[in-house]
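Each chain is listed here by its residues.
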Amino acid sequence: MSIRNLATAALLLTQVLHAQYGSFDAGAAKSARATRTVVVLDAGDSPYNRRMVETVKSHWKFTSEPEFMTVAELAAQPISPDRTYLLKTRKSDPVKFEATFLTLVRGWKPKKGEILAQTGNAFTSIPSEHELAFIQIDPKVIDGTGLSQLLDVYVKHLQNYLVLVEGGKITDKTTADRTYSSRNRLVRETELWLAKEHLDKSLPDAGKVKEFYTAPSQVMALSQLASALEKGSTGISISDVVLTGDNKNKHCFKRVFNVGTGELMYLRDDASIFGKKEGFLDEDLKTIERAR
C-alpha cells in the first residue's frame, strides 16, 4: 500500500472512531449551499421518517427547498452532481465493527453502471470524498426508544459543522477537536441532563455523579430526555452514547450536545472491552468540571 493510501486509511479510521467530521474544504461547503438537498427516508413508515420530515422542515437552513424521497427511489435513479443528499450511511473500520451515520453527501456524476449499494436503509458505497459532514447515530435508539427527536440535534450539528468549515474555523481534525474542546466549559453554563442508561456502572446514581460534577445536572431515564429535546432550550445539554461492536471490539462513543443549538460540546470514545467503560465515566465529568 502506498504512503498516500496508508494516510487515507488512517484518516478514515480516525473519522469512524470519532464519528463526527466530514470535509475540511471550505470551498466544498460553500458550493454545497447552492444545491438542493434531497432527504432520503427509509423504505416504508418509521419513526425516523416521521421525525426527519419534521426536523428538516423546522431546522434545515443550510440549503433551500429540500425534497424527500425513499432509499428505493434514490437507488433507482442516477445521483446528481447538482444535489446534496442527507442520508444514512453504513461503514466498517479496519477493526471490523460497523457503525451507522447521518451523512450529508455532495452528488457526483456517476460512472456507467455505478449503483448505490445499501443495507438496512443505509448506503454502503458512498465515496468518502463526497461526504460533506457526518455524525454517528444509533437507528435502534431513534426508532425504538421514543427519542426520534435526537434527529433535531444531529441535523443542527451537521449544519454547525459545515458553517465552521465554510468560515475557515475548522480546517482539519486538529482544529475540529480544538473547537469541540473549547466548548467543554460551556456545558457548565447549562443544565446537563444525563440518561441513567448513558452512565457507566461505576456511576450508579445522581449522588455519585455529584461527587465529580457540581454544576447543575439531572440524572434520569433515557426516555425522559425526550422532554428536553422537545423544549429545544439552549439552557439544556444532554448526554448521548452510541455503542458499537461486541465483546473484544466493543467501543463507546460519548457526546454532549446543546439541545437548542445542536452544538457538540463534548466528545470522547473508549474501548469497552468485556463490559468496562460502557458510558460516561468520572473522568468525563471531571474533564467538563475542570475545563477552562
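Residues numbered from 1 in each chain as written. Predicted model: local features only at pLDDT ≥ 70, side-chain atom pairs only at ≥ 80, totals over all residues. Heavy atoms only, no water.

**Section: the sheet that holds strand E11 (residues 251-258)**
Reading across from one edge, E9-E8-E10-E11-E12 is the order of the 5 strands in this open sheet, with mixed pairing throughout. The sheet terminates laterally at strand E9 (217-220) and strand E12 (264-271), the two strands that pair on one side only. Here the strands of the sheet are splayed against their neighbours by 20° on average, with no regard to which way each runs. Most of the contacts of helix H10 (residues 282-290) go to E12, to which it runs at about 150°, and overall it touches strand E8 (191-195), E11 and E12. (Pairing = 2+ DSSP bridges. Helix = DSSP H or I, 4+ residues; strand = E, 2+ residues; numbered from the N terminus. Axes fitted to C-alpha atoms, helices over the stretch in contact; angles between N-to-C directions. Contact = heavy atoms within 4.5 Å.)

**Looking at the pattern of salt bridges**
Counted by the stated rule, this structure contains 20 salt bridges. Between Glu67 and Arg36 there is a salt bridge; the shortest N-O distance is 3.4 Å. Linking Glu67 in strand E2 (residues 64-70) with Arg36 in strand E1 (residues 36-41), this pair joins segments that are 31 residues apart in sequence. On the basis of relative accessibility, which here comes to 33%, the residue Arg36 falls in the partly exposed class. One salt bridge connects Lys173 with Asp177, and the closest N-O pair in it is separated by 2.5 Å. Here Lys173 and its partner Asp177 are both found in helix H7 (residues 173-182), 4 residues apart, which amounts to about one turn of the helix. Residue class for Lys173 comes out partly exposed when judged on its relative accessible area of 25%. (Salt bridge = Lys/Arg side-chain N within 4 Å of Asp/Glu carboxyl O. Buried < 20%, exposed > 50% of the residue type's maximum accessible area, 1.4 Å probe, protein only.)

**Here we look at the nonpolar core**
The biggest cluster of nonpolar side chains holds 50 residues, and the ones touching the most others in it are Met52, Leu86, Leu102, Tyr154 and Ile238. Those residues in contact with Ile238, other than ones at most four positions away along the chain, are Leu150, Leu192, Trp193, Leu225, Ala228, Leu229, Arg255, Val256, Phe257 and Val259. Membership of the second largest hydrophobic core comes to 17 residues, among which are Val209, Phe212, Tyr266 and Ile288. (Core = buried A, V, L, I, M, F, W, Y, C linked by side-chain atoms within 4.5 Å.)

**Quick word on the packing of helix H3 (residues 47-59) against helix H6 (residues 150-166)**
Direction vectors running N to C along H3 and H6 enclose 45°, while the axes themselves pass 9 Å from each other. On the basis of the axis angle, H3 is oblique to H6. In this structure, H3 crosses over H6, and the sense of that crossing is right-handed. Residue-level inspection shows Tyr48, Arg51, Met52, Thr55 and His59 of H3 in contact with H6, the latter providing Leu151, Asp152, Val155, Lys156 and Gln159. (Parallel < 35°, antiparallel > 145°, perpendicular 65-115°, else oblique. Left-handed = near helix turned anticlockwise from the far one by under 90°.)

**Describing H7**
Along H7, the residues classified as buried are Thr175, Ala176, Asp177, Thr179 and Tyr180. Sitting at the head of H7, Asp172 places a side-chain oxygen 3.3 Å from the backbone nitrogen of Thr174. (Polar contact = N/O pair within 3.5 Å; in protein donor to acceptor, adjacent residues only side chain to side chain.)

**Considerations on the environment of Phe24**
Structurally, Phe24 can be placed in the loop between helix H1 (3-18) and helix H2 (26-32). Look at Phe24 and you get partly exposed, because its relative accessible area is 23%. As a C-alpha pair, Phe24 and Pro139 span 115 residues in sequence and 26 Å in three-dimensional space. Apart from residues no more than four positions distant in its own chain, Phe24 is found in contact with Tyr161, Val165, Ile170, Thr171, Asp172 and Lys173.

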